[in-house]
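Listed below are the residues making up each chain.
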Amino acid sequence: MGLAFIDTHTHIDGEEFRDDLDMVIQRAKDSGAVKLLVPAINLSSVESIENVCRAYPDYCYGMMGLHPEDVKEDYENVLCRMKQVIAEGKNRYIAIGEVGLDFYWSREFEKEQLAAFERQVEWSVETGLPLMIHCRKAQNEMVKIMRRYEAELHGGVFHCFTGNEHEALELLQFDGFALGIGGVMTFKKSNLPQTLPAVVPLERIVLETDAPYMAPVPHRGERNESSFIPHIIEKMAEAYSVKPEQVARMTTENAERIFFS
């Protein structure tokens, strides 16, 4: 029997997959992916995610949130419409995401990003849904906001973790949260193969692609997809000195616990 795993973060609703989505889904299934979790990033992605989840029921699962790079002057109106969609409850969203802070390129909308993130953390508290958090060059600000709600949070994932031991330990202080690990684990200059085993137990890791971005070696530079996750599993098994089956099993159990229990 092959590996069974969950891709906790794939933008499979994007136009990059428009022409061959059926084949991408089939390859994902053939490689062992048992579920694909699809985060929203803006209002237009809400419709595309709903279409994908309808086309592949009990396989693709949607999340609702406003990506920090999509936070602009009109963010309050966008959040209002997204909240309405959640409240209508026509589709079951499994998380609030992809939300967070991103000051990597610009701090132009810093104030708006902080306000939007806090509002969506409040949604998580209100709905009981976990968070899918994107954070780049903003961990201090993110942690400060989350600490205000720490006792009421419902867990989640710190997506695309690439940090050091100190940053990992700070994030693991939030109970019920896992680190999302993707293709960067396989990159030649990545510190993850050393950092993760030193301070992060496998019980606090979930797998992801962030497809179509950040494909793992040996597919680096290609369009990423869920069928590439076994390469990440192999590298993680090597780093933790365990069998790939153990990595797949534990990360799948972690994802099930966070999003489906």
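Basis of the calculations
- Residues numbered from 1 in each chain as written.
- Predicted model: local features only at pLDDT ≥ 70, side-chain atom pairs only at ≥ 80, totals over all residues.
- Heavy atoms only, no water.
- Helix = DSSP H or I, 4+ residues; strand = E, 2+ residues; numbered from the N terminus.
- Rg over C-alpha atoms; globule rule 2.2 N^0.38 Å.
- Contact = heavy atoms within 4.5 Å.
- Buried < 20%, exposed > 50% of the residue type's maximum accessible area, 1.4 Å probe, protein only.
- Lys, Arg positive; Asp, Glu negative; His and termini not counted.
- Salt bridge = Lys/Arg side-chain N within 4 Å of Asp/Glu carboxyl O.
- Polar contact = N/O pair within 3.5 Å; in protein donor to acceptor, adjacent residues only side chain to side chain.
- Expected span 1.5 Å × (residues − 1).
- Pairing = 2+ DSSP bridges.
- Axes fitted to C-alpha atoms, helices over the stretch in contact; angles between N-to-C directions.
- Core = buried A, V, L, I, M, F, W, Y, C linked by side-chain atoms within 4.5 Å.

1. Here we look at the overall build of the chain
Moving on, step 1. On a plain count of helices and strands, the chain comes out with 9 helices and 8 strands.
Moving on, step 2. A compact globule built from 261 residues would reach a C-alpha radius of gyration of about 18 Å, and the chain, at 17 Å, matches this within 12%.
Moving on, step 3. Overall, the chain is about 45 × 40 × 35 Å in size when its C-alpha atoms are taken along their principal axes.
Moving on, step 4. Within the chain, counting contacts between residues at least 6 apart in sequence, those at least 24 apart form 75% of the total.

2. Looking at the side chain of D210
Moving on, step 1. With respect to the helices and strands, the residue D210 is situated in the loop between strand 8 (205–207) and helix 8 (229–240).
Moving on, step 2. No salt bridge is formed by the buried D210; the nearest opposite charge belongs to R136, separated by 8.4 Å.
Moving on, step 3. Polar side-chain contacts of D210 include one of 3.2 Å to the side chain of H11.
Moving on, step 4. When neighbours within four sequence positions are excluded, D210 is seen to be in contact with H9, H11 and H159.

3. Notes on helix 9 (residues 244–260)
Moving on, step 1. Compared with the 24 Å implied by 1.5 Å per residue over 17 residues, the 23 Å span of helix 9 between its first and last C-alpha is a close match.
Moving on, step 2. Among all positions of helix 9, only P244, V247, A248, M250, T251, T252, N254, A255, I258 and F259 are buried.

4. Some remarks on the sheet that holds strand 3 (residues 60–62)
Moving on, step 1. The sheet built from 3 strands is open, its strands ordered 1-2-3 with parallel pairing. Of all the strands in the sheet, just strand 1 (5–7) and strand 3 have a single pairing partner and so form its edges. The mean inter-strand angle of the sheet, taken between neighbouring strand axes irrespective of direction, is 20°.

5. Points about the pairing of strand 7 (residues 177–181)
Moving on, step 1. By the criterion of burial, strand 7 is predominantly enclosed, with 5 of the 5 residues buried.
Moving on, step 2. Note: strand 6 (residues 156–158) against strand 7, 3 bridges, orientation parallel. Counterpart to G156 in the pairing with strand 7 is F177.
Moving on, step 3. Direction of pairing for strand 7 relative to strand 8: parallel, over a ladder of 3 bridges.

6. Focus on unusual backbone geometry
Moving on, step 1. The amide bond that connects G97 to the next residue, E98, takes the cis arrangement and shows omega of 15°.
Moving on, step 2. Here E98 lies in strand 4 (residues 96–102).
Moving on, step 3. Look at the link from V217 to P218: it is a cis peptide, with omega at 15°.
Moving on, step 4. Relative to the helices and strands, P218 resides in the loop between strand 8 and helix 8.
Moving on, step 5. Here the phi dihedral of C160 falls at roughly 55°; this positive angle occurs in a residue that is not glycine.
Moving on, step 6. Relative to the helices and strands, C160 resides in the loop between strand 6 and helix 6 (165–172).

7. Details of the pattern of salt bridges
Moving on, step 1. Applying the stated criterion across every chain, the model contains 15 salt bridges.
Moving on, step 2. As a salt-bridge pair, R136 and D102 come within 3.2 Å of each other at their nearest N and O atoms. Taken together, the residues R136 in strand 5 (residues 131–136) and D102 in strand 4 connect sequence positions 34 residues apart.
Moving on, step 3. Owing to a relative accessible area of 3%, D102 belongs among the buried residues under this scheme.
Moving on, step 4. Salt-bridge contacts for E110 lead to R107; the nearest nitrogen and oxygen are separated by 3.1 Å.
Moving on, step 5. For E110, a relative accessible area of 25% puts it in the partly exposed group.
Moving on, step 6. Each of D20, R27, R223 and E225 takes part in salt bridges that share partners, so that together they form one network.

8. Notes on the environment of R220
Moving on, step 1. Here R220 shows up in the loop between strand 8 and helix 8.
Moving on, step 2. Using a relative accessible area of 54% as the deciding quantity, one classes R220 as exposed.
Moving on, step 3. The residues contacting R220, other than those within four sequence positions of it, are F187 and A215.

9. Observations concerning the nonpolar core
Moving on, step 1. Core analysis: the biggest nonpolar cluster contains 75 residues, and L179 and L196 have the highest contact counts within it.
Moving on, step 2. Ranked by residues supplied to this core, first place goes to helix 8 with 6 residues.
Moving on, step 3. If sequence neighbours within four positions are ignored, L179 has contacts with V157, F158, F161, A168, L171, L172, L196, V200, R204, I205 and V206.
Moving on, step 4. Counting residues in hydrophobic clusters, the runner-up holds 13 residues, among them I6, I94, M132 and A255.

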